[in-house]
Amino acid sequence: MGTLLEPEERVLATLNADGSRRWITPRLAKGALWKRRRIVGYALIALFVSLPFVRIGGKPALLLNVIDREFVFGGTTFYPTDTLLLGLLLMTIFVSIFFLTALFGRVWCGWACPQTVYLELVFRPIDRLLGTGGYTRSPLSRLPASVRKALRTLVFVVLSFALANVFLAYFVGTERLGEWVLGSPLSHPMGFGIVMLVTAGMLFDFGFFREQLCTVACPYGRMQSVMLDTGSLIVGYDARRGEPRGRKKKARTSDVSLKVLPGQPEPVAEQELGDCVACTMCVQVCPTGIDIRDGLQLECIHCTQCIDACNDVMLKVGRPTGLIRYSSQSGLEGKPTKRLRARVIIYPGILLVLLTALFTVSMSKGGYSAELLRAAGLPYNVLPSGEVANQARVRITNRSPEARTYTLSAETVQLRSEPLIVGPGETLSEKFLILADRSLFATGSRVEVTLMLEDDLGEQRTLRHSLLGPAGAPQGTP
Ligand code: SF4
Ligand code: SF4
């Protein structure tokens, strides 16, 4: 019965044959690349934590305020009405990701993704220190296991709470987050609930889910086969140099006592063996549990730990380093790597067009945006005075950091509107009346008029609007 569902080989590096989770406890290879990754990682942690607090022109450097529908990038505010700008910005981000991946492979995953950085530089080192999370050796091993586990839980909860707050600061802003954190949970039950929910999510991810986020949940890894080509930078094993793998002493064919077990490969002559000594150090350090010698896999986050581990082994056995290295698919196959490939030319071209459009559109936006709309209800009204009244609605989005006063004016028609005060970063929609002389409709029921909108700094907008009215000359007109 049980054998029916057993796979012939391991399906996923983090799953056992029976479908249970294979908990990964990677060893640490402290090579040259790890030292560089640590410097980059700590700098990034400082950046991730400080970015929501950094102000550019009074605005956050980065804010994705979904609640108030306000998005700030580099101190510039984008509103939901900026459909074109937001669309251009998103396309620019996506094409940049495609371009960087085509050039440098998954360098983001291994070096800069917050998941990797926090896991490898904050949470996993705590497990190694305490001898928890699957690690058995620890400088604190004299402490009882229950104490170390309790310490782990306490430290993980505190760190997850801190990270949850940093994470939320990107979405709700530091001011609102401060109110949530410092105020009583009773006065901010919703905010308190969100902070607790995100804290629980962080705890689950860094305490338990870990590499599963990269191998199962993250869509970026799954798209890499589309985004990479044979010239992209990857972490790869040089099979031409490494194979056939084996330990030289054990593989001596001159050793008459050597027995070949059924199902095992024939021993290879020492001089035919490649440089891989089959020590499995590259597998033991892999945070996603894969064997890089099986080729490029979607689980590989290009963290370079296997490079450091293998280089260390190569130095010990007196062979050249770089058996596992940064290269390209072509390079590993012994072919020249093409630097100028179609996607390396096309992506920057598209990026240039997008950036030019983004710059032009954002420059033309000015301190505010405004639009005129027809108000709901009767299309028009003929007043006892004979004038034709149209009800319109003006919607103004103030992009400046101060409140502004806006005034509407027109030459060919009269307006019944008051000056409008709009707060910084706010959008106001207000109705007003347009009174037109009946004679304007002598030739048709629709008349185009031009209105001027001006703020208290003198910045003007020309707004066009179609007035509706009774077609034909008024009675009594010669
Ligand atoms: S670390 Fe290097 S030598 Fe050891 S198994 Fe991996 S590839 Fe082979
Ligand atoms: S195969 Fe190497 S580079 Fe890829 S995730 Fe494992 S250790 Fe990191």
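Residues numbered from 1 in each chain as written. Chains lettered and ligands numbered in written order. Predicted model: local features only at pLDDT ≥ 70, side-chain atom pairs only at ≥ 80, totals over all residues.

A. Seen up close, the sheet that holds strand β4 (residues 70–73). Taking strand neighbours across the sheet as the criterion, the 3 strands line up as β3-β4-β5 in an open arrangement whose pairing is antiparallel. Taken across any chain shown, the strands that pair with only one partner, and hence form the sheet edges, are β3 (62–65) and β5 (76–78). Strand-to-strand twist across the sheet, computed as the mean angle between neighbouring axes with direction ignored, equals 25°. Inspection of the sheet shows β3 paired to β4 by 4 bridges, in the antiparallel sense. By the bridge assignment for β4, L64 is matched with F71. (Pairing = 2+ DSSP bridges. Helix = DSSP H or I, 4+ residues; strand = E, 2+ residues; numbered from the N terminus. Axes fitted to C-alpha atoms, helices over the stretch in contact; angles between N-to-C directions.)

B. Representation of helix α13 (residues 305–317) in the model. Here α13 is 13 residues long and its end C-alpha atoms lie 19 Å apart, about the 18 Å a rise of 1.5 Å per residue gives. Buried within α13 are the following residues: Q305, C306, I307, D308, A309, C310, N311 and V313. On its buried face, α13 sits against α1 (32–50), β6 (234–237), α12 (281–284) and β7 (324–327). Just beyond α13, the residue with positive phi is G318, at close to 75°. (Expected span 1.5 Å × (residues − 1). Buried ≥ 20, exposed ≤ 12 C-beta atoms within 10 Å, placed from the backbone. Contact = placed C-beta atoms within 7 Å.)

C. Quick peek at the sheet that holds strand β15 (residues 446–455). Here we have 4 strands laid out as an open sheet, ordered β13-β11-β15-β16, and antiparallel in their pairing. Bordering the open sheet on either side are β13 (420–422) and β16 (460–468), each of which pairs with just one other strand. When the angles between neighbouring strand axes are averaged without regard to direction, this sheet yields 30°. Two strands pair when backbone bridges link them, and strand β11 (residues 404–410) and β13 are joined in this way by 3 bridges, in the antiparallel orientation. Across the sheet, T405 pairs through a bridge with I421, a residue of β13.

D. Looking closely at the site of ligand 1. As a structural note, the neighbourhood of ligand 1 is formed by 16 residues, with C276, C279, M281, C282 and C310 the closest of them. Of all the secondary-structure elements, those providing two or more residues to the shell around ligand 1 are α12 and α13. Per-element accounting of the shell around ligand 1 gives the leading share, 3 residues, to α13. (Near = placed C-beta within 6 Å.)

E. Fine view of the environment of D18. When you line up the elements, D18 lands in the segment before α1. For D18, a count of 9 C-beta atoms within 10 Å corresponds to the exposed category. Taking the C-alpha atoms as reference, D18 lies 44 Å from R341; in sequence the two are 323 residues apart.

F. Summary view of the domain arrangement of the chain. With domains assigned, the chain is organised as domain 1 (11–226), domain 2 (231–332) and domain 3 (368–468). Between the C-alpha centres of domain 1 and domain 2 there is a distance of 32 Å. Taken together, the contacts link 29 residues of domain 1 with 22 residues of domain 2. Mapped by element, the contributors of at least two residues to the side of domain 1 that touches domain 2 are α1, α2 (83–104), α3 (107–112), α4 (114–130), α8 (211–217) and α9 (219–222). No other element matches α1, which puts 4 residues into the side of domain 1 that touches domain 2. (Domains from an automatic or database assignment.)

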